[in-house]
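Notes for the structure review
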Amino acid sequence: MAWQQQVLEVNKTALSETRIYTQVLSETLEPNEVILAVDRLAMTSNNISYAVAGELLDYWGFFPAEDGWGRIPAMGWADVIASAHPDIEVGERVWGFFPYTNYHRIEAGQVTSSSFKDIGLHRAKHAPVYCQFDKASANPLYDNAREGQDSLLRGLFMTSWLVEDFLNENSAFGAELCLITSASSKTSIALAFAVKQRGQMKSIAITSEKNRAFCESLECYDEVHSYQQIEQLDASAPAVIVDMAGSAATLAQCHQHFGDNIKYSCLIGATHYQEAGATDNLPGAKPEFFFAPAHVQERSKTLGAAVLMTLLGGSYAQFREFCDGWMTVKCAEGSEAVSEAYRSILAGGAEPQVGQLVKI
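This report concerns the structure included in the present document. Everything numeric here is computed off the predicted structure, so don't read it as measured data. (Residues numbered from 1 in each chain as written. Predicted model: local features only at pLDDT ≥ 70, side-chain atom pairs only at ≥ 80, totals over all residues. Heavy atoms only, no water.)

1. What about the overall build of the chain?
Looking only at helices and strands, the chain has nine helices and 17 strands in total. Relative to the globule expectation of 21 Å for 360 residues, the C-alpha radius of gyration of the chain, 20 Å, shows essentially globular dimensions. The principal-axis extent of the C-alpha atoms belonging to the chain is close to 65 × 45 × 40 Å. Taken across its 360 residues, the chain has 55% of its residues classed as buried. The long-range share in the chain, meaning contacts at least 24 apart out of those at least 6 apart in sequence, stands at 70%. Total accessible area on the chain is roughly 15200 Å²; 48% of this is exposed by carbon and sulfur atoms. The positive charge centre, built from 26 side chains, and the negative charge centre, built from 43, are 1 Å apart in the chain. (Helix = DSSP H or I, 4+ residues; strand = E, 2+ residues; numbered from the N terminus. Rg over C-alpha atoms; globule rule 2.2 N^0.38 Å. Buried < 20%, exposed > 50% of the residue type's maximum accessible area, 1.4 Å probe, protein only. Contact = heavy atoms within 4.5 Å. Areas by Shrake-Rupley, 256 points an atom, 1.4 Å probe, with all protein chains shown as cover. Lys, Arg positive; Asp, Glu negative; His and termini not counted. Charge placed at Lys NZ, Arg CZ, Asp CG, Glu CD.)

Put into structure tokens, the structure is as follows:
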């Protein structure tokens with residue numbers, strides 16, 4: 001049979017402009033090709049960050065589209081519905097990166113008992129973790145009832161856990177405070193949770209005034225301040241800043257207020273992408289991007305991949321339970337509903353206590 005594929009695409013130079021690209025996927029599979037029926041995918045501020053950094057970090061290269069258009073990577077679940085690979089069975093449930101689509105064709109390879117990878121030529125330059133599909137049947141933490149949570153939280157928690165682990169491996173650069181911007185975002189909450197678990201630094205939330213009460217209710221931040229209160233922070237203590245907002249003005253204000261007491265400045269997200277700008281010549285440590293796959297490779301060498309994944313998985317299981325107390329999961333279905341959900345999140349309309357899934 002043939003499959004009618006629908007894919008959400010965004011204009012790379014005008015991110016609010018979207019279209020649904022439609023094509024028929026041939027029923028004829030080349031050797032090792034696999035067709036995946038895509039289920040619910042996460043749509044969070046994390047995905048907006050992928051779009052904003054699409055050129056810089058080659059997120060647009062994950063799933064190539066026609067010139068001028070981009071397909072945003074998203075995490076979630078799918079089922080193998082057709083396979084020309086001898087070691088991949090129809091019916092396998094997998095978790096990984098997908099475009100916002102209903103069907104996804106890949107060239108599969110590097111099959112193990114727990115995973116396989118997209119080995120298409122366009123994926124060759126990307127970190128292996130971005131190309132991997134994990135089998136639900138081999139995941140000790142898999143819980144059908146928590147699939148929605150996993151779509152929303154698993155990837156972003158890995159990033160945040162790795163940031164905290166990186167900081168710890170560097171003795172927090174001598175810092176006592178961990179300043180976290182866009183503190184109501186789920187990636188920021190995951191970082192605060194990991195910092196609290198370690199107990200070596202105080203986590204300082206920096207958020208909008210409207211989200212202050214929400215951040216305080218989570219009890220994973222030691223202090224919660226609005227963007228208007230940055231200059232009230234105690235700048236005498238050495239600090240690291242993990243910037244999830246991507247606002248040049250906010251980052252500059254933190255650096256200028258703390259001066260040389262900013263010991264490490266980490267760029268992660270872009271929830272405030274409209275406020276992006278130059279971050280050169282700021283006092284304190286020079287801002288730099290954190291590339292999670294590089295730290296995975298480094299820590300896999302020192303700890304062993306199995307030990308690293310066990311540590312990460314154990315912490316993630318606790319984080320899922322923590323999220324039971326505050327996060328509600330909802331799903332938008334159909335191409336128009338998916339487009340509307342995307343535009344709402346892009347415009348900053350997401351409610352922090354809601355986890356948005358989508359399914360075309």
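2. What about the nonpolar core?
Among the nonpolar cores identified, the biggest contains 45 residues, and C178, Y221 and F319 are the most heavily contacted of them. Elements with a minimum of two residues in this core: helix 3 (147-169), strand 10 (177-181), helix 4 (186-198), helix 5 (212-218), strand 13 (239-243), strand 14 (262-267), helix 7 (292-303) and helix 8 (305-324). With nine residues, the top contributor of residues to this core is helix 3. Every residue in contact with F319, bar those within four places of it in the chain, is listed here: L153, F157, K186, I189, A190 and F193. If you look at the next biggest cluster of nonpolar residues, it comprises 43 residues, including A78, V80, V338 and A341. (Core = buried A, V, L, I, M, F, W, Y, C linked by side-chain atoms within 4.5 Å.)

3. A short note on empty space enclosed by the protein
One pass over the structure, following the stated rule, counts three cavities of 30 Å³ or more. A42, T44, N46, N47, Y50, M75, S151, L152, G155 and L156 are the residues that line the largest cavity. Listing elements by their share of the lining of the largest cavity, those giving two or more residues are helix 1 (45-52) and helix 3. Ranked by residues supplied to the lining of the largest cavity, first place goes to helix 3 with four residues. (1 Å grid on protein atoms, 1.4 Å probe; cavity = no way out; pocket = protein on both sides within 12 Å on 5 of 7 lines; lining within 4 Å. Points joined across faces, edges and corners; volume = space filled by probe spheres on them.)

4. Remarks on unusual backbone geometry
In the Ramachandran plot, S171 falls in the positive-phi region, its phi being about 50° despite a non-glycine side chain. Positionally, S171 belongs in the loop between helix 3 and strand 10. A relative accessible area of 58% places S171 in the exposed class. If you check the backbone angles, F173 has positive phi at about 55° while not being a glycine. The topology assignment puts F173 in the loop between helix 3 and strand 10. Judged by relative accessible area, which is 28%, F173 ranks as partly exposed.

5. A few points about the pattern of salt bridges
Overall, the coordinates contain 24 salt bridges when judged by the stated rule. Here R299 makes a salt bridge to D165, at a shortest N to O gap of 2.7 Å. Of the two residues, R299 sits in helix 7 while D165 sits in helix 3, which places them 134 residues apart along the sequence. In this structure, R299 and D165 share a single accessibility class: buried. (Salt bridge = Lys/Arg side-chain N within 4 Å of Asp/Glu carboxyl O.)

6. Thoughts on the pairing of strand 5 (residues 74-83)
Most of strand 5 is tucked away: seven of the 10 residues are buried. Examined bridge by bridge, strand 5 and strand 6 (residues 93-98) share six bridges and lie antiparallel to one another. Within strand 6, the position partnered with A74 by the bridge is F98. (Pairing = 2+ DSSP bridges.)

7. Structural notes on the sheet that holds strand 2 (residues 14-25)
Strands sit in the order 2-1-4 across an open sheet of three strands; the sheet is antiparallel. Because the sheet does not close on itself, it has two edges, and the strands there are strand 2 and strand 4 (69-70). On the sheet, helix 9 (residues 335-346) packs against strand 1 (3-11) and strand 2 and is oriented at approximately 155° with respect to strand 2. (Axes fitted to C-alpha atoms, helices over the stretch in contact; angles between N-to-C directions.)

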